[in-house]
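Structure at a glance
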Amino acid sequence: MAEAALSRLRNLPSVDRMLHRPDIAVLAEKHGRLETTQAIRETLAALREELRSGADFDEDMIVASVLFRLAVRANTRLQPLFNLTGTVLHTNLGRAILAEEAVEAATAAMRQAVSLEFDLANGKRGERDDHVRALVCELTGAEDATLVNNNAAAVLLVLNTLSQGREAVVSRGELIEIGGAFRMPEIMARAGARLREIGTTNRTHARDYADALGPETGVILKVHTSNYRIEGFAAEVRARDLAKIARQHDVPLVNDLGSGTLVDLSRFGLRKEPTVREAAEEGADLVTFSGDKLLGGPQAGFIVGRKDLIAAINRNPMKRALRVDKVRIAACEATLKLYRDPDRLAEKLPTMRLLARPAEEVRRQAERLMPALVDALGPGAAVEIVACQSQIGSGALPLDTIPSFGLSLKPKGGGRAVEELSAAFRGLPRPVIGRVAEGALILDLRCLEDEALFRQNLSFYRPGGAR
Ligand SMILES: *Cc1c(COP(=O)(O)O)cnc(C)c1O
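This is a predicted model, so every value here is computed, not measured. Position numbers for residues start from 1 in each chain and track the written sequence from start to end. Reporting in this predicted model follows two pLDDT cut-offs: at least 70 for local features of residues, and 80 or more for side-chain atom pairs to be given and counted; totals over whole chains, interfaces and linings ignore these cut-offs and use all residues. Values shown for side chains rest on all heavy atoms present in the structure; no hydrogens or waters enter the calculation.

For the rest of this paragraph, the subject is the packing of helix 1 (residues 3–11) against helix 4 (residues 33–52). Between the N-to-C directions of two axes lies an angle of 0 to 180 degrees, each axis being a line fitted to C-alpha atoms and, for a helix, fitted only over the stretch in contact. Helix numbers and strand numbers start at the N terminus; a helix is a DSSP run of H or I with at least 4 residues, a strand a run of E with at least 2. Viewed as axis vectors pointing N to C, helix 1 and helix 4 meet at an angle of 165°, and their least axial separation amounts to 9 Å. Our classification of the angle between helix 1 and helix 4 gives roughly antiparallel. Remark: the crossing between helix 1 and helix 4 carries right-handed chirality. Only R48, L51 and R52 of helix 4 make contact with helix 1, whose side of the interface consists of A5, R8 and L9. Residues were grouped as follows: Ala, Val, Leu, Ile, Met, Phe, Trp, Tyr, Cys and Pro as nonpolar; Asp, Glu, Lys and Arg as charged; and all remaining residues, including Gly, as polar. Grouping the constituent residues of the contact of helix 1 with helix 4 by class yields 3 nonpolar, no polar and 3 charged. Should an angle lie under 35 degrees it is considered roughly parallel, over 145 roughly antiparallel, and from 65 to 115 roughly perpendicular; all remaining angles are considered oblique. By convention the crossing between two helices is left-handed if the near helix lies anticlockwise of the far one by an angle smaller than a right angle, and right-handed if it lies clockwise. Note on contacts: a residue pair qualifies if any of its non-hydrogen atoms lie within 4.5 Å across the two residues.

Looking now at the UniProt feature "modified residue: N6-(pyridoxal phosphate)lysine" (unreviewed entry) in the chain. UniProt positions are given in the numbering used here, feature names are shortened, and annotations may be inferred rather than shown by experiment. In the numbering used here, UniProt assigns the "modified residue: N6-(pyridoxal phosphate)lysine" (unreviewed entry) feature to K293. Looking at the secondary structure, you find K293 in the loop between strand 11 (286–290) and strand 12 (301–305). By relative accessible area, which is 6% here, K293 ends up buried. If we skip the residues at most four places from it in the chain, K293 touches L89, R95, A96, G258, S259, T351 and S394. Working definition: with a 1.4 Å probe on protein chains only, accessible area under 20% of the residue-type maximum means buried, over 50% means exposed, and in between means partly exposed.

We now examine the packing of aromatic side chains. The pairing test for Phe, Tyr and Trp rings, Trp by its six-membered ring, is centres within 6.5 Å, and the orientation test on the planes gives stacked under 30 degrees, edge-to-face over 60, and tilted for anything in between. Counted under the stated rule, the structure contains 3 aromatic pairs. Relative to F454, the ring of F82 has its centre 5.4 Å away and its plane inclined at 80°; by these criteria the two rings are edge-to-face. Note that F82 is positioned in strand 1 (residues 82–83) and F454 in helix 20 (residues 451–458), a separation of 372 residues in sequence. Taken as a pair, F82 and F454 share a single burial class, namely buried. Geometrically, the ring pair formed by F425 and Y461 is tilted, given 5.2 Å between the ring centres and 40° between the ring planes. Taken together, the residues F425 in helix 19 (residues 417–426) and Y461 in the segment after helix 20 connect sequence positions 36 residues apart.

It is worth spelling out the sheet that holds strand 4 (residues 144–148) at this point. Reading across the sheet, the 7 strands line up as 4-12-11-10-9-5-8 and stay open at both edges, with mixed pairing between neighbours. The outermost strands of the open sheet, each flanked by one partner alone, are strand 4 and strand 8 (194–198). Neighbour-to-neighbour, the strand axes of the sheet open up by a mean angle of 25°, direction not taken into account. In this analysis, strands are considered paired if DSSP registers two or more bridges between them. As paired elements, strand 4 and strand 12 share 5 bridges and run antiparallel to each other. Its bridge partner lying in strand 12, T146 is registered against I303. Contacts from helix 11 (residues 239–248) reach strand 9 (217–223) and strand 10 (253–258) within the one sheet, and its direction differs from that of strand 10 by about 155°.

Okay, helix 11 next. Think of an α-helix as 3.6 residues a turn; residues three or four steps apart then line up on the same face. Those residues of helix 11 lying buried are A239, L242, A243, I245 and A246. Burial along helix 11 is one-sided: seen end-on, the buried residues are contained in an arc of 165°. Residues of helix 11 that are exposed and angled more than 90 degrees away from the buried face: R247 and Q248. Lining the buried residues of helix 11 we find helix 10 (206–212), strand 9 and strand 10. Each C-beta atom gives one direction from the helix axis, and the arc is the one those directions make.

Moving on, we come to the domain arrangement of the chain. Where the parts come together, the accessible area they lose is often given as the size of the interface. Domain assignment breaks the chain into domain 1 (3–74), domain 2 (82–94 + 354–466) and domain 3 (100–346). Throughout, the edges of the domains are those of an automatic or database domain assignment. Computed from C-alpha coordinates alone, the two centres of domain 2 and domain 3 are separated by 35 Å. Every contact between the two is made by 12 residues of domain 2 and, on the other side, 15 residues of domain 3. Together domain 2 and domain 3 conceal approximately 1100 Å² of surface at their shared face, both sides included; 69% is due to carbon and sulfur atoms. Note on definitions: salt bridges are taken to be side-chain nitrogens of Lys or Arg within 4 Å of carboxyl oxygens of Asp or Glu. Along the contact surface separating domain 2 from domain 3 lie 2 salt bridges. Between R271 and D400 there is a salt bridge, with the nearest N and O atoms lying 2.7 Å from each other. Polar contacts, as counted here, are pairs of nitrogen or oxygen atoms within 3.5 Å of one another; within protein the pair requires one atom able to donate a hydrogen and one able to accept it, and residues that are adjacent in sequence qualify only if both atoms are side-chain atoms. There are 1 residue pair in polar contact (both at pLDDT 80 or more) connecting domain 2 and domain 3. Here the side of domain 2 that touches domain 3 takes 6 residues from strand 14 (residues 396–411), the largest share from any one element. The residue makeup of the side of domain 2 that touches domain 3, split by class, is 9 nonpolar, 2 polar and 1 charged. Buried area is a sum: the accessible area each of two parts loses on coming together, probed at 1.4 Å, counted once for each and added.

Next up, the structure:
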């Protein structure tokens, strides 16, 4: 090794010396001594390599590198981003965005002690379900209600409570897979229920149910086929008729609605889905639905219906393992309260607001943003406004789309250019997630609310994703 390199190596400051610098002391105060020492060690180790190959250094460089390493480690992995995929309730991007009211309620519950299981009227132990029970009953017309971790948990708990060691009767047309590991036959097996499939994939009749019911039956399960539809020569038994059969045989009927909505979606220009209230009125003994799909709240699973069945569910020891914490209960309560004023729902609840945004408004936004994108991308890509179709997502109205507008960014390079362009957008300080179609990156603007932040963010765009 050259003499100069050796002498630079010898002059490298010690960890201790670095820790005693006032600017590093400030960092140690913020990030902790252990983290800071580790960052200094890593920086010095990397620097030693570089000095061997002839580089030079000064101490300010070391400080800058330590600062950078600490900042990277402090960065959250769960990053806020712009969802411009066109899927409003995107499971991989966290589903529903909560209303401000829900965020405030959740934050308050995080900061303070709360009356989670404490009855303020008599000073005795209370029930955590009490905070939402009355509201859910008011909004759905159900007799009773309980809340668990998510709708998958709701289905698992209901099946385990009503049909452990017994048969759960379900149509072959409804043996769904939701995605991930939620497959109805497997959930049933884990719940300890014996799956009794009836009918065929495309047609199931009332007599199929009636023939299957007997002393071994624990429950009849009706499942909303959330993410597909069987069309053509198809028949299913309507919930109302199924309820009659269930009652005749004295067997509980459970309707897993999946997304479930509390309001008539045609108010927002969407196709009407049966509401939870309607499903309950049709005679289901229990109805299950998600908190973070169309309802627009935090991840949760609601079970509503007959008082005696809800009581049995609450006695099941599994309930304790699947219950929700105070933060989500607070957010659920605040979200549900918004439903008392349906006229202002589209304004207050982000999910409804985004779904209800008129296409014309989205188009005007595309026009406003177009020059900024042309500017950022330069001559390397063609930018144009395109009509596109948004979807609700999370298995609500799977075949229905909502007319929307977006910006199509088509790189001139061809080959992998569009992948590189999407990577560059994902690499922005606030990652922008679009969808790639026909050689272009499409940014569906339906879910873009903070336009100013989007513009600011765009100023960090560098071709190839370098920052
Ligand atoms: C989405 C869905 C579930 C699972 O709900 P999560 O809230 O995601 O746990 C169960 N059943 C149906 C029909 C669904 O659509």
